[in-house]
2 protein chains.
Amino acid sequence: MENNGLLKGKPVADSLTEELIKKTQELNKRNIFPKLAMVRVGNREDDLSYQKAASNRCSKCGILTEIVELDENCSQDEYINTLKNLNDDISVNGILCFRPLPKSLDEKKIAETISPEKDVDCFSPENIARLVMGEKCFPPCTPEGVMEILNYYDVDVQGKKVVILGRSLLVGKPLSMLLLNKNATVTICHSKTEAIENISKGADILVSCMGKLKMVDKKYIGEGSTVIDVGINFDNDGNMFGDVNFEDIRDIVGKITPVPGGVGSVTTSILAKHVLETCIKQNS
Amino acid sequence: MENNGLLKGKPVADSLTEELIKKTQELNKRNIFPKLAMVRVGNREDDLSYQKAASNRCSKCGILTEIVELDENCSQDEYINTLKNLNDDISVNGILCFRPLPKSLDEKKIAETISPEKDVDCFSPENIARLVMGEKCFPPCTPEGVMEILNYYDVDVQGKKVVILGRSLLVGKPLSMLLLNKNATVTICHSKTEAIENISKGADILVSCMGKLKMVDKKYIGEGSTVIDVGINFDNDGNMFGDVNFEDIRDIVGKITPVPGGVGSVTTSILAKHVLETCIKQNS
């Protein structure tokens, strides 16, 4: 790996944040104060840590945040009513629902309730459809963060072979659509793929979003390829690792995102960007 | 190619039709008469020929059809009102809008108008989203026809390398979702893909939906692979051909759908199946 092969998220997030601060200042001059509402059920560790990161990023960008905390046993009606109030609240520009929701709630019904205009993380069916149709929309923040990193570091995707490991609704599938829209040739692999190493080895760009601690080692990597590690996994001692065995492959790859400090650092900036964009649209 | 390698559409359509006839008879006994409405703007050759094929298939299955013909200069309001009337008409179970619509009409607005419950060809954003989410829905008829052929002829897709040539909203993209839901490993290629032959050659199953007359020749085909030809193209003399150069590859492939007589023959049976399913749901 060349010295400059480390695709750190911080410069990407910093550059975005700088732009967003300017936009917020413009809005503030017009007496407009962009605000994100986050709806959390219970106290899942993941949600709390993302909430903290998102609140910090919004604060840096001058975006207000409102946290709505619901009891882990909250009813479907309670959730829906909360969401409807936020839909109707003109002081709220963007809404983020922490997912996955508890099994007792009907995620589909809730997705249909969130106002597509305020849906900053592609939860509503309308926004999922727009993404597939290649129309303007807010894609989920994580896959858009991947695109932002590739763009920031001038990694061209047009015509390139991109292999995605993982087919989730939050990352793999929407990322495949974003990459197709940018003319990449996209292969989606998953747990049922046969001889997955042989496929991933042929990639110009490999994106792993399997959620499997250090699964991706030498066998999976083509010489000089770009590797984007979306995985967030913890070992028994609570240390954070990606899907990629970084030490094993660092001398083979051309460019690679670290974990922590890679894709995860960009996601909240994308969220903030969506809040500002929807705020600007709502006030235009 | 073995003798039995020709994946003809007719047996698939016949088998489906037989099932559908039985279902219609059951419904008729309960005084329910399933009906498909088709909305056509102007007199495009493609639309007229599909209308004829769909009417014939429905008639075979005992499904009533109603053709709504709009002038090629019809206004947006006129189209929307027509659609709303069909949405409200309880005698109509399924609605098919011939696409592409003339450029003067706003296809997106119209897609949002069709009742998702009566949308038998995955036109509405809600149904596109369901498809991506892997939920029960009516996928577009052509990609579901491809799945039906693979299933009928026992071509296993689980874990297999499937390469799709073409990324349209009507075939390539939805087919990728259907195949992923069945655990295939899916690669989507398109006009911007570099060295497309090298990728398609590695496929266990190759699906071409590029709409390029006889483009797919020997160079594209792996020995013994299965080839599904979705293309419908015409030469200067008006003869119909697929995307595949059949003569060039017939000795290399394991199984192949002919054109005509392949995928195209199954599509209308899928349409009829969707009409019956939605009718049964509406009457349950």
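Refer to the structure presented above.
Since we're looking at a predicted model, the values are computed, not measured. Within each chain, residues carry numbers counting from 1 in the order of the written sequence. Here every chain gets a letter starting at A, and every ligand a number starting at 1, in the order they are written. It should be noted that, the model being predicted, local features are given only for residues of pLDDT at least 70 and side-chain atom pairs only at 80 or more, the latter also being counted only at that level, while totals for whole chains, interfaces and linings use all residues. The side-chain figures draw on all heavy atoms in the structure; neither hydrogens nor water molecules are used.

**Student:** Looking at this structure, how should I read the relation of the copies chain B and chain A?
**Tutor:** Each of the two copies of the chain can be brought onto the other by a rotation about an axis and a shift along it. Overlaying chain B on chain A yields an RMSD of 0.0 Å, the required transformation being a rotation through 180 degrees with an accompanying axial translation of 0.0 Å. Taken together, the turn and the small shift mark the pair as related by a two-fold rotation axis. Closest to the rotation axis within chain B is the C-alpha of Thr187(B), separated from it by 2.0 Å. Copies overlap after least-squares fitting; the atoms used are the C-alpha atoms of residues with pLDDT of at least 70 in both.

**Student:** Explain the sheet that holds strand β3 (residues 94-97) of chain A to me, please; I cannot follow it from the model alone.
**Tutor:** Across a sheet, strands are paired by hydrogen bonds formed along the backbone, either parallel or antiparallel in direction. Residue and element names in this part refer to chain A. Taking strand neighbours across the sheet as the criterion, the three strands line up as β2-β1-β3 in an open arrangement whose pairing is parallel. Of all the strands in the sheet, just β2 (64-70) and β3 have a single pairing partner and so form its edges. The sheet shows a mean angle of 20 degrees between the axes of neighbouring strands, direction not considered. Note on contacts: a residue pair is in contact if any heavy atoms of the two residues lie within 4.5 Å. Think of each axis as a best-fit line through the C-alpha atoms, taken over the contacting stretch in the case of a helix, with angles from 0 to 180 degrees between the N-to-C directions. Strands here mean DSSP runs of E at least two residues long; helices mean DSSP runs of H or I at least four residues long; both are numbered from the N terminus. In the packing of helix α2 (residues 45-61) onto the sheet, the strands contacted are β1 (35-41), β2 and β3, and the crossing angle to β1 comes to about 170 degrees. Lying on the sheet, helix α3 (residues 76-88) is in contact with β1, β2 and β3; it crosses β2 at an angle near 165 degrees. Two strands qualify as a pair provided DSSP detects at least 2 bridges between them.

**Student:** When you look at the packing of helix α1 (residues 9-29) of chain B against helix α2 (residues 45-61) of chain B in this model, what are you seeing that I'm missing?
**Tutor:** Pairs of packed helices are described in terms of their axes, by the angle between the two and the distance that separates them. Residue and element names in this part refer to chain B. Two numbers describe how α1 lies on α2: the axes approach to 8 Å, and their chain directions differ by 50 degrees. With respect to α2, the element α1 is oriented oblique. Contact with α1, carried on its side by Ala-13, Thr-17, Leu-20, Ile-21 and Thr-24, involves Arg-57, Lys-60 and Cys-61 of α2 and no other residues of that element. Residue classes in the contact of α1 with α2 are distributed as four nonpolar, two polar and two charged. Working definition: roughly parallel below 35 degrees, roughly antiparallel above 145 degrees, roughly perpendicular at 65 to 115 degrees, and oblique for all remaining angles. Note on residue classes: Ala, Val, Leu, Ile, Met, Phe, Trp, Tyr, Cys and Pro are nonpolar, Asp, Glu, Lys and Arg are charged, and everything else, Gly too, is polar.

**Student:** Can you walk me through the interface of chain B and chain A in this structure?
**Tutor:** How big an interface is tends to be expressed through the accessible area that disappears when the partners come together. Contact residues are listed per partner, giving 34 residues for chain B and 34 residues for chain A. Once two parts are put together, the accessible area they lose, assessed with a 1.4 Å probe and summed over both, is termed the buried area. When chain B packs against chain A, close to 2800 Å² is buried across both sides, 61% of that on carbon and sulfur atoms. The salt bridge criterion pairs a side-chain nitrogen of Lys or Arg with a carboxyl oxygen of Asp or Glu, the two atoms within 4 Å. Where chain B touches chain A, the interface holds two salt bridges. Between Lys160(A) and Glu194(B) there is a salt bridge, with the nearest N and O atoms lying 3.5 Å from each other. Elements with a minimum of two residues in the side of chain B that touches chain A: α4 (107-113), α5 (125-133), α7 (172-181) and β5 (185-189) of chain B. The sheet contact formed by strand β5 (residues 185-189) of chain A and β5(B) spans three bridges and is antiparallel. Counted as the bridge partner of Val186(A) is Ile188(B) from β5(B).

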